[in-house]
4 protein chains.
Amino acid sequence: LRTPVTGIEPEELRRVLEAACKVAARDIKAGKVADYIPALARVPSSKLGAAIVTVDGDVILYGDAQEPFSIQSISKVFTLTMVLSAIGDSKRFWERVGREPSGSAFNSIVQLEMEHGIPRNPLINAGAIVVSDVLHGVLKSKDTVSAVVDFMRQISQSPRVSVDPVVAESEAVAGFRNASLANFLKSFRNLDHDVADVLHVYFNQCAIAMSCEELARASLYLAVEGDHPLTGSKVLSSSRTRRVNSIMLMCGHYDASGDFAFRVGLPGKSGVGGGIVAVAPGRAVIVVWSPGLNKHGNSHAGTIVLEHFARQTGWSVF
Amino acid sequence: LRTPVTGIEPEELRRVLEAACKVAARDIKAGKVADYIPALARVPSSKLGAAIVTVDGDVILYGDAQEPFSIQSISKVFTLTMVLSAIGDSKRFWERVGREPSGSAFNSIVQLEMEHGIPRNPLINAGAIVVSDVLHGVLKSKDTVSAVVDFMRQISQSPRVSVDPVVAESEAVAGFRNASLANFLKSFRNLDHDVADVLHVYFNQCAIAMSCEELARASLYLAVEGDHPLTGSKVLSSSRTRRVNSIMLMCGHYDASGDFAFRVGLPGKSGVGGGIVAVAPGRAVIVVWSPGLNKHGNSHAGTIVLEHFARQTGWSVF
Amino acid sequence: LRTPVTGIEPEELRRVLEAACKVAARDIKAGKVADYIPALARVPSSKLGAAIVTVDGDVILYGDAQEPFSIQSISKVFTLTMVLSAIGDSKRFWERVGREPSGSAFNSIVQLEMEHGIPRNPLINAGAIVVSDVLHGVLKSKDTVSAVVDFMRQISQSPRVSVDPVVAESEAVAGFRNASLANFLKSFRNLDHDVADVLHVYFNQCAIAMSCEELARASLYLAVEGDHPLTGSKVLSSSRTRRVNSIMLMCGHYDASGDFAFRVGLPGKSGVGGGIVAVAPGRAVIVVWSPGLNKHGNSHAGTIVLEHFARQTGWSVF
Amino acid sequence: LRTPVTGIEPEELRRVLEAACKVAARDIKAGKVADYIPALARVPSSKLGAAIVTVDGDVILYGDAQEPFSIQSISKVFTLTMVLSAIGDSKRFWERVGREPSGSAFNSIVQLEMEHGIPRNPLINAGAIVVSDVLHGVLKSKDTVSAVVDFMRQISQSPRVSVDPVVAESEAVAGFRNASLANFLKSFRNLDHDVADVLHVYFNQCAIAMSCEELARASLYLAVEGDHPLTGSKVLSSSRTRRVNSIMLMCGHYDASGDFAFRVGLPGKSGVGGGIVAVAPGRAVIVVWSPGLNKHGNSHAGTIVLEHFARQTGWSVF
């Protein structure tokens, strides 16, 4: 009889996940769906999905686990991965973007000013825009957006993954804050390419639609030191993978990153579409989705699911 | 034949530690000893000590591992532990101090103003002063400083642990920045006791002198979910211990916490005396000491030791 | 027949002042008496007094013009005058305190941090504490507070002027924010004397009680290039007097200095006791008192009186 | 024999101006020509011009007084005048832009964030961009830039005034910081029109080229309560003119506004082209131009001229 690497049998994992989801479902109405663009505001707040993919290859799904949603800021983890995978020496890259938590949301633009246009980390908007700029340069492909989509299709093993054009268009129309950040970075000479080109990449990567299951498959390399058991490929080196996890833990949940680390204890990244990817190194990836957000902009029900799940499994890295 | 819980034989650990220390020793002169108080400035910058205490009880020492030094901010972890151990419901406590990283050092006082006197976390000075204030209240002992010293003696199993009176006096004389913070907190009604009484506790806890070995013994509960294998006592509940580790990872190295997580990948806490405590959950505690500091105020050689050690052992939590 | 220097006959000035006070009296209840110390909170909000002293020596009083009140921050103008009068070269002084407006109240402590302990100007609390420190040094008298009181008695020609001991004691007990600032300045080595000694001077100067009439007499030198027509003495050089007026215009009303300049157009200084001193260079000093404050901490009715008065007389400096 | 309204005979004014310019010329090399756009960097740093136009109509010129230069931020005074002249009730306008000094340059973007997209005053870049947006709306003309140029031609009585197309193009190409601010304002819904349209107005108004003499004629209404003696027209109401002067005194010289008020004592506005307009209410307008800037971005020689001139004439408003 196989002893699972995760230390917990799949059936037990399923039971724990279901129990956690049921607790969260009771409080699902306390979340508030993002309304800054119409395409997001239309998603029903009652949606709740979850997927676990273990390093053994077991897949556990719950609820709306196969329904695509807008991954939004979760995309930042994957463009960062693409950049770290494509560049050799990363010294120059880490001079253009830091790896410290950003403190309060308020401080991001203050710090950007004080720190001369060097974003604090690659998971805040300013940092992710720099990542998109670097990616645009290193890929040398005609179409950076297509390259990102191809990468997501490959690591999720799902050819249907694509950009939601309505969401992408909405981002561009409403994206004055991001346009402000991009111009600010450009004024500090921390963007190599045209502001419009970089924002095109950024708005489109945020508008990629994927399901919990697809995201969990796609993220599995983060739990296996950069190897991808499902595809057999090496997505990222072991040391750089650990560093992506480290940055996720420190900076993955906006101004509530400390709270998420405190309550869940796993590296994770959330998006305003209501998705959260959490990584249990050496064990599994857990993805939850529920579009209602808490006051920090993270999925309300999703955070509850992960908190209960982590407590029951003891998978906190601490 | 016993398989060590750490996954690495003690002799191998010793070899890895020594190799790491030798690498660090070569660059030891790049650090700069803290000079804000004379008592610290006098410590020779050539000192280098390290101690590992594993959850199996193995003890590995290197260099100046048994020479006492000023633990300074490392004391914040222990007063936080004492408070979390003494209080029942922690809700009120976490309303008086947050658990988010503070961003840049600059931001601490800005955030304190913006966030109405609620320090971002218990490991920045303002937060630790609130912790000392709470401790002063919950202990109900006549002498809070003695209680802290007694606690440190007990968990380190070393009766010689004590406050260095010269350092404590120097802290009080030079502590205008901390006096400013304490009065600031008091103006927001976030100190219950007299400013002078709280600062007395704070300056004395920082002036406690301990060796690497003593600190490693004292911290072992952080690697064993709150149990203390050496004393047989339960220092802190499992969930609260994980949370202390989480806060150490997020906030334990001032404005270089992200960098330490990125490079070492272990919860840790540094002090301007040159000490660093690092926790490998389920495995061991590693303490290093070298008084020369890098530009962020963390031990220069100590950080190098831990970076090499973590890379060789693979003990990163990520 | 004499043509008044002010360009307006005293009887007309009286008529304009009364009309302005009557307009303000109608809205007097919209102000809120400062309650941060009990001694201030007890003053009836219905009080309204005003005094004009022209450079010709005419005195016009209205309402509670002869009732003493706590001058609070208005004292900053006089300690600044004492320092500028006592020192020769002012270069060193202006390196310890700036002369730029401070922007929002929020920014004062941020700027103090960013600008390495150099307060933006002598009329914000941090700057006035530095002024008190300098004064303590240059006077070489045993008792700086007595020297300030003597100065106020002399230039107001009123021997009854004195410190209200109840207010002074309250300031000391509740003055945590100022104690924080003083320790902050000390940590940047921008206080020469003991924090407690400097705060003693500062709290006592703020607690001086004077009437509108006394304050108007005391301030007359500001309208006559430093000469004091009533005492026949030279209080301050012409150029330094103009500079005090300049600083009052830029910084005299906390975060509403621009608004006061916009609406009234005269150099002025307010205090949380409800007093405002306004200077019409070459013409007169106008002092109003009404303890109810607006949201910026300036006398609500007092500001209305001065706005109407300035509009009717055309005495704006613009 | 006529007594001049200024109190000083024209020949004496000429003598004082020449003496001041000669003092400034000795130190002219200490200034540094703005180099953020090539078109400005090419102007010889040795240029020095000055013009006085008194309310009596006397014109006094010195040096390069008739050579056009880029008025840059000085244009903000005139677009503000156009808006205040065009709108009825100004309440809504002053809700979109404040009238408080901005403190340090650093703080402008912090304050913009904290104060929800309401710029502190109309003379900082963010505020001037809002003014351009309002102007674009109220003018209802097809071409706002042409309307601004026409206004400048009319009040300067000089048909040759026009936009320098090379400078305007350079502003657009290098204007990432302003594009960032405009998008930031738009994200707070404090721009009514398209970002590109508003920036077009803003970049072109800054690129208007005028001589000292033209600018002095154009500004004369500021010294005469809104009347324009040369054109016989009413440019702005008396009370709004005083308010423009008040804002110039508080905010006209970036982070050195307090210093300018302290040393010169006159409302003024500088531009990075090296021009400064100073207003002596009831007396005259003085315009100086020298392209070398001091560390605050104000004309180095120009500031010296005005300081000497103000001291000799006693025209300080204080």
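These remarks concern the structure in this document. Predicted model only: the values in this text are computed from it and were never measured. (Residues numbered from 1 in each chain as written. Chains lettered and ligands numbered in written order. Predicted model: local features only at pLDDT ≥ 70, side-chain atom pairs only at ≥ 80, totals over all residues. Heavy atoms only, no water.)

## Digging into the overall build of chain A
Using the following cut-off: Numbering of helices and strands runs from the N terminus; a helix is a DSSP stretch of H or I covering at least four residues, while a strand is a stretch of E covering at least two. Between the two quantities, the radius of gyration covers C-alpha atoms and the globule rule is 2.2 Å times the number of residues to the power 0.38. Think of it in three bands: residues with accessible area under 20% of the maximum for their type are buried, residues over 50% are exposed, and the middle band is partly exposed, with areas taken using a 1.4 Å probe on protein chains only. In this description, contact between two residues means that some pair of their heavy atoms is separated by no more than 4.5 Å. Each accessible area value is a Shrake-Rupley result obtained with a 1.4 Å probe; residue values ignore everything except the protein chains displayed when judging cover.
In terms of regular secondary structure, chain A is built from 14 helices and 12 strands. In terms of overall dimensions, chain A is globule-like: its C-alpha atoms have a radius of gyration of 18 Å, near the 20 Å expected for 318 residues. In terms of overall dimensions, chain A has a C-alpha envelope of 60 × 40 × 35 Å along the principal axes. Taken over 318 residues, chain A has a buried fraction of 64%. Within chain A, counting contacts between residues at least 6 apart in sequence, those at least 24 apart form 68% of the total. For chain A, the accessible area works out to roughly 11,000 Å², and carbon and sulfur atoms hold 50% of it.

## What about the packing of aromatic side chains?
Heads up, the rule is: Two rings from Phe, Tyr or Trp (for Trp, the six-membered ring) form a pair when their centres are within 6.5 Å of each other. A pair whose planes differ by under 30 degrees is stacked, one over 60 is edge-to-face, and the rest are tilted. Two conditions define a charge sitting above a ring: the NZ of Lys or the CZ of Arg must be within 6 Å of the ring centre, and it must be within 35 degrees of the ring normal.
Applying the stated criterion across every chain yields a total of 24 aromatic pairs over all chains. Seen in terms of ring centroids, Phe262 of chain A and Trp94 of chain B are 5.1 Å apart; in terms of plane orientation they differ by 75 degrees. Their pairing is edge-to-face. You can see Phe262 of chain A sitting in helix H13 (residues 257–263) and its partner Trp94 of chain B sitting in helix H4 (residues 91–96), one on each of two chains. For Trp94 of chain B, a relative accessible area of 13% puts it in the buried group. Geometrically, the ring pair formed by Phe309 of chain A and Trp315 of chain A is edge-to-face, given 5.5 Å between the ring centres and 80 degrees between the ring planes. For Phe309 of chain A, a relative accessible area of 1% gives the class buried. Through a chain of ring-to-ring contacts, three or more aromatic side chains come together here, namely Phe93 and Trp94 of chain A together with Phe262 of chain B. In this arrangement the basic side chain of Arg99 of chain C is found over the ring face of Phe262 of chain D, its NZ or CZ atom lying 4.0 Å from the centre.

## Topic: helix H14 (residues 300–313) of chain B
Residues and elements named next belong to chain B. Filter applied, for reference: Here a helix's expected span is defined as the number of its residues, less one, multiplied by 1.5 Å. For the purposes of these results, a polar contact is taken to be a pair of N or O atoms within 3.5 Å, where, inside protein, one atom must be able to donate a hydrogen and its partner to accept one; residues adjacent in sequence count only when each atom of the pair is a side-chain atom.
Along its 14 residues, H14 runs 20 Å from first to last C-alpha, staying within 8% of the 20 Å computed at 1.5 Å per residue. Among the 14 residues in H14, 11 count as buried, and that is most of the element. Every buried residue belonging to H14 is among His300, Ala301, Gly302, Thr303, Ile304, Val305, Leu306, Glu307, Phe309, Ala310 and Thr313, and all of these are buried. Of the residues flanking the start of H14, the one acting as N-cap is Ser299, its side-chain oxygen 3.0 Å from the backbone nitrogen of Gly302. At the exit of H14 stands Gly314, carrying a positive phi of roughly 70 degrees.

## A word on the pattern of salt bridges
Where we set the bar: In what follows, salt bridge is the name for a side-chain nitrogen of Lys or Arg lying within 4 Å of a carboxyl oxygen of Asp or Glu.
What the rule picks out here adds up to 73 salt bridges over all chains. Of the charged contacts in the structure, one is a salt bridge between Asp259 of chain A and Arg99 of chain B, with a shortest N-O distance of 2.7 Å. Taken together, the positions of Asp259 of chain A in helix H13 and Arg99 of chain B in the loop between H4 and helix H5 (107–114) put the pair across two chains. Across the pair, Arg99 of chain B and Asp259 of chain A agree in class, each one buried. Glu95 of chain C is the partner of Arg92 of chain C in a salt bridge, and the nearest nitrogen-oxygen pair spans 3.6 Å. Of this pair, Arg92 of chain C and Glu95 of chain C are both found in helix H4 (residues 91–96), three residues apart, which corresponds to roughly one turn of the helix. On the basis of relative accessible area, Glu95 of chain C is assigned to the partly exposed category, the value being 40%. Ionic contacts of the salt-bridge type, sharing partners, join the residues Arg99 of chain A together with Asp259, Arg263, Glu307 and Arg311 of chain B into one network.

## Brief notes about the side chain of Arg120 of chain C
Mapped onto the secondary structure, Arg120 of chain C falls in the loop between helix H5 (107–114) and helix H6 (125–139). There is a polar contact of 3.1 Å between the side chain of Arg120 of chain C and the backbone oxygen of Pro101 of chain C.

## Overview of the pairing of strand E3 (residues 59–63) of chain B
One face of the sheet, then the other: side chains in a regular strand alternate in exactly this way. Residue and element names in this part refer to chain B. The condition is simple: The pairing criterion for strands is at least two bridges between them, as found by DSSP.
Examined bridge by bridge, strand E2 (residues 49–54) and E3 share five bridges and lie antiparallel to one another. When the sheet's bridge partners are listed, Gly49 is paired in E3 with Gly63. Counting the residues that bridge the hairpin from E2 to E3 gives four residues, and of these Gly57 lies at a positive phi of roughly 100 degrees.

## A word on the relation of the copies chain A and chain B
Superposing the two chain copies requires a rotation about an axis and a translation along that axis. As a reminder, the rule being used: The atoms used to superpose the copies are C-alpha atoms, taken from residues with pLDDT of at least 70 in both, and the fit is least squares.
Screw-axis analysis of chain A against chain B gives a translation of 0.1 Å along the axis, an RMSD of 0.0 Å, and a rotation angle of 180 degrees. Taken together, the rotation and translation relating the two chain copies correspond to the operation of a two-fold axis.

## Description of the interface of chain A and chain B
Rule in force here: Note: buried area is the sum, over both parts, of the accessible area (probe 1.4 Å) each one loses when the two are combined. Under this grouping Gly is polar, as are all residues other than the nonpolar Ala, Val, Leu, Ile, Met, Phe, Trp, Tyr, Cys and Pro and the charged Asp, Glu, Lys and Arg.
Listed by partner, the interface residues are 35 residues for chain A and 35 residues for chain B. Between chain A and chain B lies a buried interface of about 3,100 Å² when both sides are counted; carbon and sulfur atoms form 58% of it. On the chain A side of the interface with chain B, the three residues burying the most area are Arg242, Phe262 and Phe318 of chain A, jointly 27% of the side's total. For the pair chain A and chain B, the interface holds four salt bridges. For the side of chain A that touches chain B, the secondary structure elements donating two or more residues are helix H5 (107–114), helix H12 (238–251) and H13 of chain A. No other element matches the seven residues that H12 of chain A contributes to the side of chain A that touches chain B. Of the residues that constitute the side of chain A that touches chain B, the class distribution is 14 nonpolar, 11 polar and 10 charged.

## Overview of the arrangement of the chains
Over all C-alpha pairs, chain A and chain C never come within contact, reaching a minimum spacing of 10 Å. With respect to C-alpha atoms, chain B approaches chain D no nearer than 10 Å, and the pair has no contact.

## As for unusual backbone geometry
Although it is not a glycine, Gln157 of chain A adopts a positive phi angle of roughly 55 degrees. With respect to the helices and strands, the residue Gln157 of chain A is situated in the loop between helix H7 (144–156) and strand E5 (162–163). The exposure class assigned to Gln157 of chain A is partly exposed, which follows from its relative accessible area of 43%. Despite not being glycine, His116 of chain B has its phi angle at roughly 55 degrees, a positive value. Take His116 of chain B: it is sitting in the loop between H5 and helix H6 (125–139).

## Some points on the environment of Pro281 of chain A
Tracing the chain through its elements places Pro281 of chain A in the loop between strand E10 (275–280) and strand E11 (284–289). Overall, the relative accessible area of 22% leaves Pro281 of chain A in the partly exposed class. With 219 residues separating them along the chain, Pro281 of chain A and Tyr62 of chain A place their C-alpha atoms 22 Å apart. Excluding anything up to four places from it in sequence, Pro281 of chain A contacts Ala223, Asn245 and Val317 of chain A together with Val317 and Phe318 of chain B.

## Examining the sheet that holds strand E6 (residues 208–210) of chain B
Residue and element names in this part refer to chain B. To keep things clear, this is the line we draw: With axes taken as lines fitted to C-alpha atoms, and helix axes fitted only over the stretch in contact, angles between N-to-C directions fall between 0 and 180 degrees.
Read from one edge of the open sheet, three strands run E4-E6-E5, paired in antiparallel fashion. Looking along the sheet, the strands with just one partner apiece sit at the ends: strand E4 (69–70) and strand E5 (162–163). Across two bridges, E4 lies against E6 in antiparallel orientation. Looking across to E6, one finds that Phe69 is bridged to Met210. Relative to E6, helix H7 (residues 144–156) is tilted by about 10 degrees, and along the sheet it contacts E5 and E6.

## Let's talk about the nonpolar core
The cut-off we apply is this: For the purposes of this section, nonpolar cores are sets of buried Ala, Val, Leu, Ile, Met, Phe, Trp, Tyr and Cys residues that join through side-chain atoms within 4.5 Å.
Core analysis: the biggest nonpolar cluster contains 223 residues, and Phe93 and Met152 of chain A together with Phe93 and Met152 of chain B have the highest contact counts within it. Not counting chain neighbours up to four residues away, the residues in contact with Met152 of chain A comprise Phe78, Val161, Ile208, Met210 and Ala218 of chain A. Counting residues in each nonpolar core, the second largest holds 222 residues, with Leu123, Tyr221 and Leu249 of chain C together with Tyr62 of chain D among its members.

## Observations concerning the pairing of strand E10 (residues 275–280) of chain D
Residues and elements named next belong to chain D. With six of six residues buried, E10 lies mostly within the body of the structure. Alternating residues of E10 divide into Gly275, Val277 and Val279 and Ile276, Ala278 and Ala280, and every residue in both groups is buried. Relative to E10, strand E9 (residues 268–270) runs antiparallel, the two sharing three bridges. Residue pairing in the sheet places Lys269 in a bridge with Val277 of E10. In sequence, E9 turns back onto E10 through a hairpin of four residues, with Gly274 there showing a positive phi of about 105 degrees. Relative to strand E11 (residues 284–289), E10 runs antiparallel, the two sharing six bridges. In the strand pairing of E11, Gly275 is matched with Trp289. Counted between consecutive antiparallel strands, the loop separating E10 from E11 contains three residues, among which Gly282 sits at a positive phi close to 80 degrees.

Shape descriptors only; they carry no functional weight alone.
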